[in-house]
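Reading the structure
Residue-level listing of the chains:
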Amino acid sequence: AYWPASGHIEVEKLSARYSEDGPKVLREVSFQVAAGERVGIVGRTGSGKSTLTLALLRCILTEGNVRYDGLPTEKINLDALRSSITIIPQVPELLSGTLRQNLDPFSEHDDAVLNDALRSAGLFNLQDERDQSRITLDTQIAGGGANLSVGQRQILALARAIVRRSKLLILDEDYETDAIIQASLRTELGKDVTLLTVAHRLQTIMDADKIMVLDAGQIVSAIMSMIR
Ligand code: ATP
Ligand code: MG
């Protein structure tokens, strides 16, 4: 079964810090996201946007409550949590090995499924199919993903989310590829997915149902359905 089934998020007084004696970088943030909703997160550099994405998966030290489909994160095995919710970081780290191994570490899917995911994620919009050096499932990924651009890595991370059928995607957008990724998410793929996007472009924000503005680790304003 794919969990969480719907992708409803409740966040209550969530604070986060990077070390035991470090400052609270995220300070008592509370919000809710309905299943299937698209949320844009904006704010100046250093305001805590990436920190929020990490705190939602408890990748850093947190206080406060986060519930997915009503289930508190303390009750969820962290590996299960991180394998069901996909976070696409600003600079994704890939594993060394082939692209196939990165997309499907336990060899559960055949190549057609993996290629479909790459196509849906928008990889082939970036490269000419006749290009000899184009990325395929057999492409060797250097440690961390050093031989790929940050944008390509984000697209591969999105393809991984597609393969895993994540209901909940947290995306820390990169300037280079955000247009491609947003276009991918506007298709079939984005249906029934709850999507939190750290957004840089006006177009991304305009696609959102709700916009959260962060400043100095707090939500300073939440704007609902501004456009529609
Ligand atoms: P940007 O738009 O530049 O990506 P951001 O809103 O994502 O900025 P964060 O990365 O969340 O900002 O940073 C928020 C605060 O946390 C900043 O003061 C930053 O210095 C601090 N911070 C970020 N990462 C770390 C880390 N690994 N260790 C310690 N402090 C960190
Ligand atoms: Mg950031």
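Everything numeric here is computed off the predicted structure, so don't read it as measured data.

Some remarks on the sheet that holds strand 5 (residues 71-72)
- Ordered by their spatial adjacency, four strands build an open sheet running 2-1-4-5, and the pairing between neighbours is antiparallel. Edge strands, defined here as strands with exactly one partner in the open sheet, are strand 2 (26-33) and strand 5.
- In the sheet, strand 4 (residues 61-68) pairs with strand 5 via two bridges, with the strands oriented antiparallel. Residue Arg67 lies in a different strand from strand 5, and its bridge partner there is Pro72.

Overview of the pattern of salt bridges
- Under the defined criterion, the tally for this structure stands at 11 salt bridges.
- Connected through shared salt-bridge partners, Glu10, Glu12 and Arg67 make up one network.

Quick word on the packing of helix 4 (residues 111-121) against helix 6 (residues 150-164)
- As a packed pair, helix 4 and helix 6 sit with axes 8 Å apart at the nearest point and diverge in direction by 125 degrees. As judged from the angle between their axes, helix 4 and helix 6 are oblique. Handedness of the crossing formed by helix 4 with helix 6: right-handed. In this structure, helix 4 contributes Leu114, Ala117, Leu118, Ser120 and Ala121 to the contact, and helix 6 contributes Ile155, Leu156, Leu158, Ala159, Ile162 and Val163.

Examining the site of ligand 1
- Close contacts around ligand 1 come from Tyr18, Val25, Arg44, Thr45, Gly46, Ser47, Gly48, Lys49, Ser50, Thr51 and Gln90, and that covers them all.
- Here Ser47 contributes a backbone N or O atom positioned 3.3 Å from an oxygen atom of ligand 1.
- Measuring from an oxygen atom of ligand 1, one finds a side-chain N or O atom of Lys49 at 2.7 Å.
- Notes on ligand 1: free accessible area 630 Å², of which the protein chains cover 55%.
- Within the shell around ligand 1, the residues separate by chemical class into two nonpolar, seven polar and two charged.

Some remarks on the coordination of the magnesium ion (ligand 2)
- Around the magnesium ion (ligand 2), the protein supplies Ser50 (OG) and Gln90 (OE1) as donor atoms, at distances of 2.0 to 2.5 Å. With Ser50 in helix 1 (residues 49-56) and Gln90 in the loop between strand 6 (85-88) and strand 7 (97-98), this residue pair connects regions lying 40 residues apart in the sequence.

Definitions and cut-offs
Residues numbered from 1 in each chain as written. Chains lettered and ligands numbered in written order. Predicted model: local features only at pLDDT ≥ 70, side-chain atom pairs only at ≥ 80, totals over all residues. Heavy atoms only, no water. Pairing = 2+ DSSP bridges. Helix = DSSP H or I, 4+ residues; strand = E, 2+ residues; numbered from the N terminus. Salt bridge = Lys/Arg side-chain N within 4 Å of Asp/Glu carboxyl O. Axes fitted to C-alpha atoms, helices over the stretch in contact; angles between N-to-C directions. Parallel < 35°, antiparallel > 145°, perpendicular 65-115°, else oblique. Left-handed = near helix turned anticlockwise from the far one by under 90°. Contact = heavy atoms within 4.5 Å. Near = heavy atom within 4 Å. Polar contact = N/O pair within 3.5 Å; in protein donor to acceptor, adjacent residues only side chain to side chain. Areas by Shrake-Rupley, 256 points an atom, 1.4 Å probe, with all protein chains shown as cover. Nonpolar A, V, L, I, M, F, W, Y, C, P; charged D, E, K, R; others polar. Donors = N, O, S within 2.8 Å, 3.2 Å for Na, K, Ca; no water.

None of the figures reported here should be taken as evidence of function without further support.
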